[in-house]
Amino acid sequence: MPDPIEILVLPGDGIGPEITPVVEAVLRAVDRRFGLGLRLTRMEVGLAAHAVHGSTLPDAVIAAAEAADGVVLGPAEMTSYPPREEGGVSVPGTLRKRLDLYANIRPARSRAGLPQPPAPMDLVIVRENTEGFYADRNMFAGIAEFMPTEEVALSVRRITAHASRRIARVAFEMARARRRRVTVVQKKHVLQLTDGLFVREVEAAAAGFPDVMLESVTVDAMAAALYRHPDRFDIVLTTNMFGDILSNLTAEMSGGLGLSAALNAGDRHAAANAGHGSAPDIAGQDKANPCSLVLSSAMLLEWIGRRRGRVEFAAAAGAIEAAVDALLASPATRTADLGGALGTRAFGAALVQRLGTAEERAA
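Everything numeric in this text was worked out from a predicted model, so none of it was measured.

### Things to note about the packing of aromatic side chains
The description of an aromatic ring pair uses the distance of the two centres, along with the angle that the planes make with each other.
(1) Moving on: Under the counting rule described, the total for this entry stands at 1 aromatic pair.
(2) Moving on: Their ring planes at 20° and their centres at 5.4 Å tell us that F172 and F209 sit as a pair that is stacked. You can see F172 sitting in helix α5 (residues 161-176) and its partner F209 sitting in the loop between α6 (194-206) and β9 (213-218), a full 37 residues away along the chain. For the pair F172 and F209, one class covers both residues: buried.
(3) Moving on: One Lys or Arg, R127, reaches over the ring of Y134 and ends 5.4 Å from the middle of that ring.
(4) Moving on: Here the basic side chain of R157 rests over the ring of F242, its NZ or CZ set 5.8 Å away from the ring centre.

### Some thoughts on the environment of G340
(1) Moving on: Topologically, G340 is positioned in the loop between α10 (311-328) and α11 (344-354).
(2) Moving on: Spatially, the C-alpha atoms of G340 and P115 are 13 Å apart, while their sequence positions differ by 225 residues.
(3) Moving on: Setting aside anything within four residues of it in sequence, one finds G340 in contact with P331, R334 and T335.

### Looking at the side chain of N240
(1) Moving on: Relative to the helices and strands, N240 is located in helix α8 (residues 240-254).
(2) Moving on: Within the local environment of N240, its side chain forms a polar contact with the backbone oxygen of E131, the two atoms lying 3.1 Å apart.

### Examining helix α7 (residues 219-228)
(1) Moving on: Every buried residue belonging to α7 is among V219, M222, A225 and L226, and all of these are buried. Considered in projection along α7, the buried side chains sweep an arc of 110° and stay on one side of the axis.
(2) Moving on: Looking at the packing, one finds that the buried side of α7 touches β5 (122-128), β8 (181-186), β9, β10 (235-238) and α8.

### Re the packing of helix α9 (residues 291-308) against α10
Packed helices, taken two at a time, are described by the angle between their axes plus the distance between the axes.
(1) Moving on: Running from N to C, α9 and α10 point in directions that differ by 160°, and their axes come no closer than 7 Å. Classified by the interaxial angle, the pair formed by α9 and α10 is roughly antiparallel. By crossing handedness, the relation of α9 to α10 is classed as left-handed. Across the interface between the two elements, C291, V294, L295, A298, L301, E302, I304 and G305 from α9 touch F313, A316, A317, I320, E321, V324 and L328 from α10.
(2) Moving on: Across the contact of α9 with α10, the residue classes tally to 12 nonpolar, 1 polar and 2 charged.

### Some words on the pattern of salt bridges
(1) Moving on: Scanning all chains against the criterion turns up 27 salt bridges.
(2) Moving on: When the shortest N-O distance is used, the salt bridge between R109 and D325 registers 2.8 Å. Taken together, the positions of R109 in strand β4 (residues 103-109) and D325 in helix α10 put the pair 216 residues apart, joining distant regions of the chain.
(3) Moving on: With relative accessibility at 25%, the residue D325 sits in the partly exposed group.
(4) Moving on: R232 is the partner of E215 in a salt bridge, and the nearest nitrogen-oxygen pair spans 3.3 Å. Taken together, the residues span a long stretch of sequence, with E215 in strand β9 and R232 in the loop between α7 and β10 at a distance of 17 residues.

Basis of the calculations
Residues numbered from 1 in each chain as written. Predicted model: local features only at pLDDT ≥ 70, side-chain atom pairs only at ≥ 80, totals over all residues. Heavy atoms only, no water. Phe/Tyr/Trp six-rings, centres within 6.5 Å; stacked < 30°, edge-to-face > 60°. Helix = DSSP H or I, 4+ residues; strand = E, 2+ residues; numbered from the N terminus. Buried < 20%, exposed > 50% of the residue type's maximum accessible area, 1.4 Å probe, protein only. Lys NZ or Arg CZ within 6 Å of the ring centre and 35° of its normal. Contact = heavy atoms within 4.5 Å. Polar contact = N/O pair within 3.5 Å; in protein donor to acceptor, adjacent residues only side chain to side chain. Arc of directions from axis to C-beta. Axes fitted to C-alpha atoms, helices over the stretch in contact; angles between N-to-C directions. Parallel < 35°, antiparallel > 145°, perpendicular 65-115°, else oblique. Left-handed = near helix turned anticlockwise from the far one by under 90°. Nonpolar A, V, L, I, M, F, W, Y, C, P; charged D, E, K, R; others polar. Salt bridge = Lys/Arg side-chain N within 4 Å of Asp/Glu carboxyl O.

In short, the description is geometric, and any link to function would need to be established separately.
In structure tokens, the structure reads:
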């Protein structure tokens, strides 16, 4: 019998403690149905962890994440954290750095029953996840923002050939399994050295994938093109901040940020991470849409299945996607943000019921 698959669940802040129990219930449902052998462990991060341990990301959590087969990471309320020197470190940023989760994968597609974009959409944004303009995580030590005087603030953007090459490889491999088209998004006529280096490495990687078409679009033109002609695009490859912004646009076009699935992956580790914030304004009110983290967890299962050579994980991920689609197709089984009537817990219960074992569904 295969070894258990260890999944570390980190609820986070705000709505995190409300949506992660839905994810846990969904994972247990597909575990029963497909025999995945999952073992879930929950640990606290964020403000709850800081109150007990003096750190928003205790060392024990980092060690558990390094030992796990996958991580489910709820949203973080980083603006409410104490200063870094008092233990208020960025949970997602630090985990991405420590686990080397260099690829942020953000799919977006049209869904039946929800408002439709101007044309059918089925694309994936592949975002470099470890450097770029993200000054809190792009240096070996310290952060890349500083103030030489009280009137001047500077920020350093880091782009490396190594990081550019490996994220390009991820994008081309994904494109080869889809519609064989990569669009690299850049602003190299302004960011001549950094985006110039990024595009150079992307073009070099493209030589190894002659069956995949590569095009280059500036980020401002891409924002308009995504809205007007989303059907033109398959894999959208870009740097950290551009990818963060564009993926929020495509998530909204797919129905809203509550549907924004995201997987942070590296060569050895991966974390499912909702593509939205902690929404403290609705925390504790049973209003949060758990779909983003649920769909992200389905992506995590698929990633584990590829690494372990276990096709049942892909089947479980597909079942989660299909169950979410079925519930979203009717206003009666949607959450309030999508014009429905269900709260977080009721939506989660409906999802688990739909994911019941084959025997239960046949009864």
